[in-house]
Amino acid sequence: MKVIKLDAIDSTNEFLKGLSNKQEQENFTVVTAESQTKGKGQMGAVWTSEPSKNLIMSVLVKGFLSDICQIYNLNIAVSLAVISVLESYKIPDLSIKWPNDIMSYNKKIGGILIENSIKSDGTIISIIGLGLNVNQTDFETLPKASSLAVICNKQFDKEELLFSIMDKIEYNVKSWEQHSEILWSDYTNKLFKKGVPMPFSDQNNQNFMGIIQGVSSFGKLEVLLEDDRISEFDIKEIQMLY
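From a predicted model like this one, the values you see are computed outputs, not experimental measurements.

Parameters at a glance
- Residues numbered from 1 in each chain as written.
- Predicted model: local features only at pLDDT ≥ 70, side-chain atom pairs only at ≥ 80, totals over all residues.
- Heavy atoms only, no water.
- Axes fitted to C-alpha atoms, helices over the stretch in contact; angles between N-to-C directions.
- Helix = DSSP H or I, 4+ residues; strand = E, 2+ residues; numbered from the N terminus.
- Parallel < 35°, antiparallel > 145°, perpendicular 65-115°, else oblique.
- Contact = heavy atoms within 4.5 Å.
- Nonpolar A, V, L, I, M, F, W, Y, C, P; charged D, E, K, R; others polar.
- Pairing = 2+ DSSP bridges.
- Left-handed = near helix turned anticlockwise from the far one by under 90°.
- Buried < 20%, exposed > 50% of the residue type's maximum accessible area, 1.4 Å probe, protein only.
- Polar contact = N/O pair within 3.5 Å; in protein donor to acceptor, adjacent residues only side chain to side chain.
- Bend = angle between axes of the 7 residues up to and from the residue.
- Arc of directions from axis to C-beta.

(A) Expanded view of the packing of helix α2 (residues 71-88) against helix α5 (residues 176-189). Axis separation between α2 and α5 bottoms out at 10 Å; the angle between their running directions is 75°. When the axes of α2 and α5 are compared, the pair comes out roughly perpendicular. Contacts between α2 and α5 involve Tyr72, Asn73, Ile76, Ala77, Ser79 and Leu80 on the former and, on the latter, Trp176, Leu183, Trp184, Asp186 and Tyr187. Looking at the contact of α2 with α5 residue by residue, the class counts come to eight nonpolar, two polar and one charged.

(B) Fine view of the sheet that holds strand β11 (residues 230-233). As summarised here, the arrangement of the five strands in space is β11-β10-β9-β8-β12, forming an open sheet in which the pairing is antiparallel. Taken across any chain shown, the strands that pair with only one partner, and hence form the sheet edges, are β11 and β12 (238-240). Pairs of neighbouring strands in the sheet enclose a mean axial angle of 50°, with direction left out of account.

(C) The packing of α2 against helix α4 (residues 158-174), seen in detail. Taken N-terminus to C-terminus, the directions of α2 and α4 make an angle of 140°; their axes are 8 Å apart at the nearest point. For the element pair α2 / α4, the angle class is oblique. Read as a crossing pair, α2 and α4 show a hand that is right-handed. Residues Leu74, Ala77, Val78, Leu80, Ala81, Val82, Ser84, Val85 and Leu86 of α2 lie in contact with α4, whose contacting residues are Leu161, Ser164, Ile165, Lys168, Ile169, Asn172 and Val173.

(D) Spatial organisation of the side chain of Asp101. Mapped onto the elements, Asp101 comes out in strand β5 (residues 101-104). Here Asp101 falls in the buried class, since its relative accessible area comes to 15%. Polar contacts involving the side chain of Asp101 include one to the side chain of Lys108, which spans 3.3 Å. Setting aside its immediate chain neighbours within four residues, Asp101 contacts Ser95, Ile96, Lys108, Gly110 and Gly111.

(E) Structural view of the side chain of Asn172. When you line up the elements, Asn172 lands in helix α4. Classification of Asn172 as buried rests on a relative accessible area of 3%. When near neighbours in sequence (up to four residues on either side) are disregarded, Asn172 contacts Ala77, Leu80, Ala81 and Leu183.

(F) Main features of α5. At Ile182, α5 shows its maximal kink, close to 35°. Those residues of α5 not exposed but buried are Trp176, Ser180, Leu183, Trp184, Tyr187 and Thr188. On its buried side, α5 packs onto α2, β4 (94-97), α4 and β9 (207-215).

(G) Broad picture of helix α1 (residues 12-22). When α1 is considered as a whole, its buried residues turn out to be Thr12, Asn13, Leu16 and Ser20. Taken end-on, α1 shows its buried residues confined to a sector of 100°, consistent with a single buried face. Projecting away from the buried face of α1 at angles above 90 degrees are the exposed residues Asn21 and Lys22. Each element contacted by the buried residues of α1 is listed here: β1 (3-9), β2 (30-36), β3 (55-62), β6 (107-118) and β7 (124-132). Its side-chain oxygen at 3.3 Å from the backbone nitrogen of Asn13, Ser11 defines the N-terminal cap of α1.

This is the structure we're talking about:
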């Protein structure tokens, strides 16, 4: 595993993407930064992080996806890797808010952004960005966010977390074929608010009630509606109100 440590950068995902475009990088190359100025979340959201307090990392994965239809498999492998490591640190009440926010209780402690590119030979290169709130304690402007330090009332070793998460990501990716059914089942069972009646908002800002059932093979959220229909929603089509 090759680890590139940076002090400050606009985006670890963009840095690693540029690096891999210039020259071949070994699989599971990792870039970490103490701070980033243009961190990215889902759907163009901005990921903000207090300098030197949190784990900011991007990982290059190649040779895992052979078909664009399999893209969601990587979300599952990565988010469960993070959950597994945090469980080993006794972080309480962990779940995955679809598609891949890491939650403890009702608070977001981490977010994952996966960007895929298809090369001219048909191979798919994935850049996995992970932001994990570790030792930051000030969330005054982010009422739905928290950190490991706030939840557990102690400081954590970021480098130890980094290597533990990388080991688990690499394991999940390399053993996917043998364990895919178990990992899909684990992911479904770890979904935030699964089986609980919850208010949602659609892309027209219309509110409705629904119960999360799971996720389709294409990564769409399956929601049981009040008329007993199960509808599938893409990330741009639905927002959970909690």
